[in-house]
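# Coordinates in review
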Amino acid sequence: LDLPRSLKCRIGWTDISNMDHTLDSTLPASDNGTRWMGVGHSNAQDSSTAGAEAAKHALQGDDPKLLVVFCSDSYDLQALLDAVNSESGGVPLIGCSTAGEIATNGPAQSSVVVTAFGGSGFSVSTRAAMDVSSRLRDAGAEVAASLEDVGDRPHRVLMLLTDGLAGDQQEIVRGAYGVVGAEVPLVGGCAGDDLKMKVTRQLWDDKVLGDAIVAAAIGSHAPIGIGVRHGWKKVGEPMLVTKSGNNRVYALDDQPALDVYLDRLDAPEEARTDHAAFTQFALTHPLGLSGRSGEPHVRFVGEANFDDRSLGCIAEVPQSALVWFMEGDEDSVLHATDSACAEALESLEGKPPLGMIAFDCIARRGVLGDPGIVREIERVASHADGAPVAGFYTYGEIARTRGISGFHNQTLVVLAVS
Amino acid sequence: MVVPSTDWSTQQLAEFLAAVSSFTDEASATRGAIERAAEAFEAEVGAIVRDDVVVASVGFPSGRVPTDQLVGLADGVRQNTIVDGIGVCSVAVVPIEERQPARLILARAGEGEFTVQERNLLRAMARVLALTLTMLERQKLLERLSKIQRSISHRAPLQEVLDAITAGATELLGVEVAGLRVVDPVDPGYSLIVSTSGVSGELQESIRRTPLGEGAGGRAILEEGLVMIDHYETAPDTVPGFVANHLQVAMAAPVYENGVVAGSLVVASYKSGRRFNDSEQEGLLALAEHASLALTDAKTVDAMREAQRSKDMFLAMVSHELKTPLTVIMGALRTLQVHGTDLPEELSNEMLDAGWKRGKELERLIDRLLQGARAELAGTEEEVRVSDLVTEAVQGFEHAREVRVKDVPDALVRMDKHAVLEVLGILLENAVAHSPGHGEVTVDASIDGSDLSVSVANPGSLPDDLDPDSLFLPFQRGSAVRSSGVGLGLYIAGRVAESVDGKISVKSEDGQVRFTLRVPVQTTAAVLERPSLP
């Protein structure tokens, strides 16, 4: 049985040398075994120190089952990982580099956040697939096989952390879906590299990987909820994708896609010649695809090729599709935050969350700005109502609960665990 | 600018078409189609069911596809069902092809039924899938057929060609068993199996020889038409060996030899519920046609070998030599006639090209046969300078290979020039075809008393156990030959040489194979200059 809410506590943790360190954890709940979640965050500059601190603060209960590590790629990732493992004694681990980290006390950069799942109420299995860019679908299926090892728990979820620069992420989701089927939801995100758009890293036990997918199948006796929202709206007239392939859009309305994009959005001069300026501009100017119901699908434009005048996306923009420019403002984006949290919590069948993990698109930060994202995480934390919050800023989000499409852009995906 | 349609259905269909037509094989097109349809309709699970078999599905955990439930949905008119792990789902079922039992099924969580517009869109998607599959099937068939055609035209041994046909049949039709039967020459009331694919040794023995009226294969021979047997285990007149192995379904098409039914090509499956659709029937008939071509062609070779010592030799030789390229030309024309517009451009060009080349070959063969006949009949002698003779002989070969002429006496002789040129032409062609890489072909000549000797040598060697005389028998070919001939060249050369009382000998030494034509001539002038010997 769940402990009364009043008996749960959030343990604040401060450090004289660095006020930014936090620790959150909840006391064990018990139906069919105990379950607990802990989150530790550190922005220590030294990689080993940061890893050790965050891990130590996350590991607040007995019988830890899984560590999930989100960290800046500015660290020496191997040193960080070694420190985490030495703190945990080798608890199964998945993780990735980010475009910013999220902890209960707010968003951060150049830091590390570690989430621990523990107690006999959870059963966990992890897998990693390497060299995935040439075989995304098979690799997705490969890691999804981890689900076989978590036993016949009534509630299960497959968490995927992928290399968003490795190709059409929908193929990974399709591959994983082919193995786990409609019964088991998928959740996760694409690793980041602080918007450099060059190389992202995936972490698995004591290994730092690239061009990889890491996954954790989590089985539990209590409900797990997922919420998905973006809050963007279609604006203006649609354009026809007249040529696309390999995640690139080459032509819109039979014109070079980049020129149509820059001209119709009246892009600033520097975005027309400078790659970083373009990416910054494109963050708040995604493309939208129509769906049958609900919110339109958003496609994040990551970069442009100034030579062949094409746009690079993180997932397929189908040829012959109609696309719209999308618009979001602080109101609509924050409203989506509330809706996503509410949706995730709704699936917990009235149970309070042990913790929440947010997979938040880096592009939302472009709209909200730094003060806005602080407000956003405050809202997530208030929905968590005392339970710890972890997460990271992603290059793409994975959430499949309904239908078979499970890859999103410009979106907030919230995982709530009871 | 044309304003694109923003209608949801139109838009979804356009995207579906673009996605599904980009797949290059049936399996990924089928699976991709279900996925894209499920994505469009926000459905959780989807499947294609044909003949009580789930051909492909998405949304079910691997290894846990509820076959019975899906087959039940494909048959019925139910609007909803309960899917394990999801709960109540609304269901849409549409046929993939007219008059075919295949169905595309989608199930979506919740009780909100598929609207009429959604069902119509799904129906259109199923049609797109059917067309894509037909195209892919046809393309695969054509690729396989052209491979078989090539092996026939390259004169692969008959058994190899037949095995390629049965192996092709299992692959193309996705069945476990294929076999080729021919009428038993000893007792035409029976048929013998001559090639199989997917048949175990033990079973092979039990089905080796069966009465003509038995099984799909035997019946196809008797009825001279396509025969299909569903429910094989309970059907009458089946092959006991297959019944014992629980064969479920079989189909056979007759195979002809020179227009007379000579056997049958059979395919069969152990999968329950498996049926053969129109395009699979068409595929088997096309393969059977090729088996007919191969048999007809091979029987001509046998006839040729039989006739070796008989008066029919020339006729048989001519008919065989003409038939080889003709087989290819007819095959290509037939394929273009039947499948013309469906063929990928590359393939049709390849076929036209092969046809044209074989046509040219035919032209050359006819010329040669006529020349040969002329040489044999006419035998007119004329005065000719040896060096001019050799120069004329090597003309046309310099392009193909470096041909070096050395040690040729500048003598004037009287002889049957055309016969000698014919022989030298064949020897040169043979040398070019048998010299590896860029090896040089050398020609030299000498006069010894009243005999003229002309040698053509190329780098290489003859197998130690080879009887040199056997090279001059018909249908002898070296192993590393690049010419497309059938091994009649040296035979003709020998015959022509004999007609002018000459003889061809062959020697293999010092890394060279040397053919020498020795022919009596009348010396009409003194040797003007004899090159100094080394």
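The notes below deal with the structure included here.

What counts and how
- Numbering of residues begins from 1 in every chain and follows the order in which that chain's sequence is written.
- The lettering of chains begins at A and the numbering of ligands begins at 1, in the order of writing.
- This being a predicted model, a pLDDT of at least 70 is required before a residue's local features are given, and a value of 80 or more before pairs of side-chain atoms are given or counted; all residues contribute to the totals for chains, interfaces and linings.
- Computation of side-chain values covers all heavy atoms of the structure but excludes hydrogens and water.
- Labels follow the DSSP assignment, with helices taken as runs of H or I lasting at least four residues and strands as runs of E lasting at least two, numbered in each case from the N terminus.
- The buried label goes to any residue with under 20% of its type's maximum accessible area, the exposed label to any with over 50%, and the partly exposed label to all in between, with areas taken from a 1.4 Å probe on protein chains only.
- Contacts are residue-level and defined by heavy atoms, with any inter-residue pair within 4.5 Å sufficient.
- All accessible-area figures derive from a Shrake-Rupley calculation using a 1.4 Å probe, and residue coverage is judged against the displayed protein chains alone.
- Here, expected helix span is obtained from the residue count minus one, scaled by 1.5 Å.
- Bend at a given residue is defined as the angle between two axes, one fitted to the seven residues that end at that position and one fitted to the seven that begin there.
- Among buried residues, those of type Ala, Val, Leu, Ile, Met, Phe, Trp, Tyr and Cys that are joined through side-chain atoms within 4.5 Å constitute a nonpolar core.
- Here, a strand pair is defined by DSSP locating no fewer than two bridges between the strands.
- Orientation is described by lines fitted to C-alpha atoms, with helices fitted over the stretch in contact, and by angles between N-to-C directions that extend from 0 to 180 degrees.
- Simply put, the buried area is the total loss of 1.4 Å probe accessible area from both parts when two parts are fitted together.
- Here, a salt bridge means any Lys or Arg side-chain nitrogen found within 4 Å of an Asp or Glu carboxyl oxygen.
- We define a polar contact as two N or O atoms separated by no more than 3.5 Å, with the added condition that, inside protein, one atom must be a possible hydrogen donor and the other a possible acceptor, whereas residues neighbouring each other in sequence contribute only through side-chain atom pairs.
- We call Asp, Glu, Lys and Arg charged. Ala, Val, Leu, Ile, Met, Phe, Trp, Tyr, Cys and Pro are nonpolar, and the rest, Gly among them, are polar.
- Each direction from the helix axis to a C-beta atom contributes to the arc, which is the arc of those directions.
- A cavity here means a set of 1 Å grid points, computed over protein atoms only, where a 1.4 Å probe fits but cannot escape. A pocket is an open set with protein on both sides within 12 Å along at least 5 of 7 lines, and lining residues have an atom within 4 Å of a point.
- Grid points are joined across faces, edges and corners, and a volume is the space filled by probe spheres set on the points.

### Focus on the overall build of chain A
Counting its secondary structure elements, chain A contains 8 helices and 28 strands. Within chain A, the proportion of its 418 residues that are buried is 62%. Considering only residue pairs separated by 6 or more positions, chain A has 78% of its internal contacts joining residues 24 or more positions apart. Accessible area for chain A stands at about 14000 Å²; split by element, carbon and sulfur atoms hold 47% of it.

### Observations concerning the overall build of chain B
From N to C terminus, chain B includes 14 helices and 19 strands. Per-residue burial over chain B gives 49% buried out of 534 residues. Pairs at least 24 apart in sequence give 62% of the contacts found in chain B among residues at least 6 apart. For chain B, the accessible surface area stands at approximately 25800 Å², while carbon and sulfur atoms represent 52% of it.

### Let's talk about helix α8 (residues 362-384) of chain A
Relative to the 33 Å expected for 23 residues at 1.5 Å per residue, α8 of chain A spans just 21 Å between its end C-alpha atoms, considerably shorter than the ideal helical length. Helix geometry: α8 of chain A is bent most strongly at Gly-369 of chain A, by close to 110 degrees, with proline Pro-371 of chain A lying one to four residues after it.

### A look at the nonpolar core
With 106 residues, the main nonpolar core has Leu-158 of chain A together with Phe-41 and Leu-122 of chain B as its most contacted residues. The contact partners of Phe-41 of chain B, leaving out residues within four places of it in the chain, are Arg-292 of chain A together with Trp-8, Leu-106, Arg-108, Phe-114, Glu-118, Leu-121, Leu-122 and Met-125 of chain B. Val-420, Leu-421, Val-454 and Leu-471 of chain B belong to the second-largest nonpolar core, a separate cluster that totals 45 residues.

### Some words on the sheet that holds strand β9 (residues 122-129) of chain A
Residues and elements named next belong to chain A. If you walk across this open sheet you meet the 6 strands as β9-β14-β10-β11-β26-β27, and the pairing is mixed. Single-partner strands in this sheet number two, and they are β9 and β27 (407-408). For strand β10 (residues 155-162) and strand β11 (residues 186-190), the ladder comprises 5 bridges, and the chain directions are parallel. Looking across to β11, one finds that Leu-161 is bridged to Gly-189. Each of β9, β10 and β14 (213-220) touches helix α3 (residues 136-144); the most contacted strand, β9, lies at about 150 degrees to it.

### Overview of the sheet that holds strand β2 (residues 53-58) of chain B
Residues and elements named next belong to chain B. Taken in spatial order, the 5 strands line up as β2-β1-β5-β4-β3 in an open sheet, and their pairing is antiparallel. Across the chains shown, the open sheet's two edge strands, defined by having one partner strand only, are β2 and β3 (80-83). This sheet shows a mean twist of 30 degrees between the axes of neighbouring strands, independent of strand direction. Pairing of strand β1 (residues 45-50) with strand β5 (residues 103-109), which is carried by 5 bridges, proceeds in the antiparallel orientation. Counted as the bridge partner of Val-45 is Ala-107 from β5. Along the sheet, helix α2 (residues 26-41) contacts β1, β2 and β5; its crossing angle with β2, the most-contacted strand, is approximately 50 degrees.

### Focus on the interface of chain B and chain A
At the interface, 32 residues of chain B touch 29 residues of chain A. Across the chain B to chain A interface the summed buried area is about 2400 Å²; carbon plus sulfur atoms make up 48%. Scanning the region where chain B abuts chain A turns up 6 salt bridges. Put simply, Glu-44 of chain B and Arg-402 of chain A hold a salt bridge, and the shortest N to O gap is 3.1 Å. In this assembly, chain B and chain A are joined by 10 residue pairs in polar contact (both at pLDDT 80 or more). For the side of chain B that touches chain A, the secondary-structure elements that each account for two or more residues are α1 (8-20), α2 and β5 of chain B. Of all the elements, α2 of chain B adds the most residues to the side of chain B that touches chain A, at 7 residues. Partitioning the side of chain B that touches chain A into residue classes produces 14 nonpolar, 7 polar and 11 charged.

### Things to note about helix α12 (residues 386-394) of chain B
Residue and element names in this part refer to chain B. Looking only at α12, the buried set comprises Val-386, Leu-389, Val-390, Ala-393 and Val-394. Down the axis, α12 shows its buried residues gathered within 120 degrees of arc, on one side only. Elements that come into contact with the buried residues of α12 comprise β12 (382-385), β13 (403-406), β14 (412-415), α13 (417-434), β15 (441-448) and β16 (451-459).

### What to know about empty space enclosed by the protein
Residue and element names in this part refer to chain B. Taken as a whole and judged by the stated rule, the model has 4 cavities of 30 Å³ or more. Counting residues per element, the ones that place at least two in the lining of the largest cavity are β6 (177-183), β7 (190-197), α7 (215-223) and β11 (260-269). Considering only residue class, the lining of the largest cavity consists of 14 nonpolar, 5 polar and 2 charged. Approximately 120 Å³ is the volume found for the second largest cavity. Around the second largest cavity, the lining residues are Thr-134, Glu-137, Arg-138, Leu-141, Leu-172, Leu-173, Ser-279, Glu-280, Glu-282 and Gly-283. Its residues assigned to classes, the lining of the second largest cavity comprises 3 nonpolar, 3 polar and 4 charged.

### Description of unusual backbone geometry
Residue and element names in this part refer to chain A. Even without being a glycine, Asn-246 presents a positive backbone phi close to 50 degrees. When you line up the elements, Asn-246 lands in the loop between β16 (233-245) and β17 (248-252). The phi dihedral of Asp-266 falls on the positive side, at around 50 degrees, and the residue is not glycine.

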